[in-house]
Amino acid sequence: MTEHDPSEVGESSAVRPYVITGGRTRAAKADLDVETVVETRHDVAVDDLDFERRAIAERCQEPLSIAEVASHLQLPLGVARVLACDMVDEELLVAHGTADTGDRALLERLREGIRSL
């Protein structure tokens, strides 16, 4: 059996997404769309978070859609969505609503993020 570095957020294992979400395909409370923009709360102690939550909190210092988070961290879209929803419920992230469809640059980033998945 080989050892894996748990800091490798994008590790491609069939079991890993199941473990990260506790086997869930939906968040417990919040149910956000993949185009929902999330941002890390300013009072969150990022260093106290576990691997995936820390990576999401660090990446979301600037607002990003959940699809962009998945793309940047090389996580399956469903996993990123469950984790982001959980983090909103835990008040680690703030959900700003869905991406403004009038923002062409954001739409292009979303499209590229989804393509890279």
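The structure displayed is predicted, hence computed values, not measured ones.

A. The pattern of salt bridges, seen in detail. Scanning the entire structure with this criterion turns up four salt bridges. The partner of Arg53 in a salt bridge is Asp50, and the shortest N-O contact between them spans 3.9 Å. Given a relative accessible area of 15%, Arg53 falls into the buried group. Two residues, Glu90 and Arg53, come together in a salt bridge whose shortest N-O distance is 3.1 Å. Residue Glu90 is found in the loop between α4 (77-89) and β3 (93-98), and its partner Arg53 is found in helix α2 (residues 51-59); the two are separated by 37 residues along the sequence.

B. Spatial organisation of the environment of Ala45. Mapped onto the fold, Ala45 is located in the loop between β1 (36-40) and α2. A residue is classified by how much of its surface remains accessible, and Ala45, at 42% relative accessible area, is partly exposed. Remark: the alpha-carbon pair of Ala45 and Ala57, spanning 12 residues in sequence, is separated by 9.3 Å.

C. The confidence of the model for the chain, seen in detail. Across the chain, the average pLDDT comes to 78, with 69% of residues at or above 70. Taken element by element, the chain is modelled with least confidence in helix α1 (residues 16-20), mean pLDDT 61, and with most confidence in β1, mean pLDDT 94. Every residue in residues 1-7 is under pLDDT 50, and counting partners more than four places away or in other chains gives four contacts.

D. Representation of helix α5 (residues 104-116). Taking 1.5 Å of rise per residue, 13 residues should cover 18 Å, and α5 covers 18 Å from first to last C-alpha, within 8% of that figure. Buried residues along α5 sit against β2 (64-65) and α3 (66-73).

E. Looking closely at the environment of Leu77. Locating Leu77 in the fold gives a position in helix α4. Between the alpha carbons of Leu77 and Ala67 there is a distance of 6.4 Å; along the sequence they are 10 residues apart.

F. Quick look at the nonpolar core. Counting 24 residues, the largest nonpolar core has Val38, Ile56, Val69 and Leu93 as the members making the most contacts within it. The set of elements that each furnish at least two residues to this core consists of α2, α3 and α4. In terms of residues, this core owes the most to one element, α4, which gives seven residues. Once you skip the residues sitting within four places of it in the chain, Leu93 turns out to touch Val38, Glu39, Thr40, Arg41, Ile56, Cys60, Ala84, Met87 and Val88.

Procedures and definitions
Sequence order as written defines the numbering, with residues in each chain counted from 1. Confidence filtering applies because this is a predicted model: local features only for residues at pLDDT of at least 70, side-chain atom pairs given and counted only at 80 or more, and all residues used for totals across whole chains, interfaces and linings. To get the side-chain values, take all heavy atoms of the structure and skip hydrogens and water. Any carboxyl oxygen of Asp or Glu that lies within 4 Å of a side-chain nitrogen of Lys or Arg is treated as forming a salt bridge with it. Here's how the labels work: a residue is buried when its accessible area is under 20% of the maximum for its type, exposed when over 50%, partly exposed in between, all with a 1.4 Å probe on protein chains only. The way it works is that DSSP assigns letters per residue, a run of H or I at least four long becomes a helix, a run of E at least two long becomes a strand, and they are numbered from the N terminus. For every residue, the predictor states its confidence as a pLDDT score lying anywhere from 0 to 100. For this analysis, residues touch if any pair of their heavy atoms sits within 4.5 Å. For a helix, the expected span equals 1.5 Å multiplied by the residue count minus one. By nonpolar core we mean a set of buried residues, namely Ala, Val, Leu, Ile, Met, Phe, Trp, Tyr and Cys, connected to one another through side-chain atoms within 4.5 Å.

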